[in-house]
Amino acid sequence: IHQVLRSPKNRKRVYHRLLLAMSICDFNTSFWYFLSTWPIPAGTSNVFAPSGTQASCTAQGFFIQCGIATPLYNAALAFYYLLTIRYQWRE
């Protein structure tokens, strides 16, 4: 992420922008998975260490669902490879 953001040349290339977006989405989803059961409302039975609120639980669910963007960016990257390798497309 840092390498792409730091270089103006890399920010202009489609390949690097796809990788950057995919990395940010993956990092975001991984962070919310790391929180595990903490955002679940306190007092919920049969859940280990719930300490959140309804809002934090909803936010976790929303951001985990945004993780569907990672496979979509992966598909876009595969399409980019198809264009560049098979059809010699240049940026």
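All values reported here derive from a predicted model rather than from experimental measurement. (Residues numbered from 1 in each chain as written. Predicted model: local features only at pLDDT ≥ 70, side-chain atom pairs only at ≥ 80, totals over all residues. Heavy atoms only, no water.)

Colleague: Any chance you could break down the overall build of the chain for me, citing the residues and the numbers?
Modeller: If you tally the helices and strands in the chain, you get five helices and zero strands. Traced from its N-terminal end to its C-terminal end, the chain shows the element sequence α-α-α-α-α. At 18 Å, the chain has a C-alpha radius of gyration far larger than the 12 Å of a compact globule built from 91 residues. Viewed in the frame of its principal axes, the chain has a C-alpha envelope of about 60 × 25 × 15 Å. Counting across all 91 residues of the chain, residues that qualify as buried make up 25%. Surface summary for the chain: the accessible area is close to 6700 Å², and the carbon and sulfur share equals 65%. (Helix = DSSP H or I, 4+ residues; strand = E, 2+ residues; numbered from the N terminus. Rg over C-alpha atoms; globule rule 2.2 N^0.38 Å. Buried < 20%, exposed > 50% of the residue type's maximum accessible area, 1.4 Å probe, protein only. Areas by Shrake-Rupley, 256 points an atom, 1.4 Å probe, with all protein chains shown as cover.)

Colleague: Give me the lowdown on helix α3 (residues 14–35), citing residues and values where you can.
Modeller: Here α3 is 22 residues long and its end C-alpha atoms lie 32 Å apart, about the 32 Å a rise of 1.5 Å per residue gives. Within the span of α3, buried status applies to H16, L18, L20, A21, M22, C25, T29, W32 and L35. Summarising the contacts, the buried residues of α3 are in contact with α1 (2–6), α2 (8–12), α4 (54–65) and α5 (69–86). Positioned one or two residues after α3, S36 has a phi angle of 50°, which is positive. (Expected span 1.5 Å × (residues − 1). Contact = heavy atoms within 4.5 Å.)

Colleague: So what about the packing of aromatic side chains? Which residues, and what values?
Modeller: Applying the stated criterion across every chain, the model contains eight aromatic pairs. For the pair F31 and W32, a centre-to-centre distance of 5.5 Å together with 80° between the ring planes defines the contact as edge-to-face. On the basis of relative accessibility, which here comes to 14%, the residue W32 falls in the buried class. With a centroid separation of 5.9 Å and 90° between ring planes, the pair formed by Y80 and W89 is classed as edge-to-face. (Phe/Tyr/Trp six-rings, centres within 6.5 Å; stacked < 30°, edge-to-face > 60°.)

Colleague: I'd like a description of the pattern of salt bridges, backed by residues and values.
Modeller: Under the criterion given, the structure shown has one salt bridge. In this structure, R13 engages E91 in a salt bridge whose closest nitrogen and oxygen atoms are separated by 3.8 Å. A residue pair is termed long-range when its members are at least 10 positions apart, and R13 in the loop between α2 and α3 and E91 in the segment after α5 qualify at 78 residues. The class for E91 is partly exposed, based on a relative accessible area of 46%. (Salt bridge = Lys/Arg side-chain N within 4 Å of Asp/Glu carboxyl O.)

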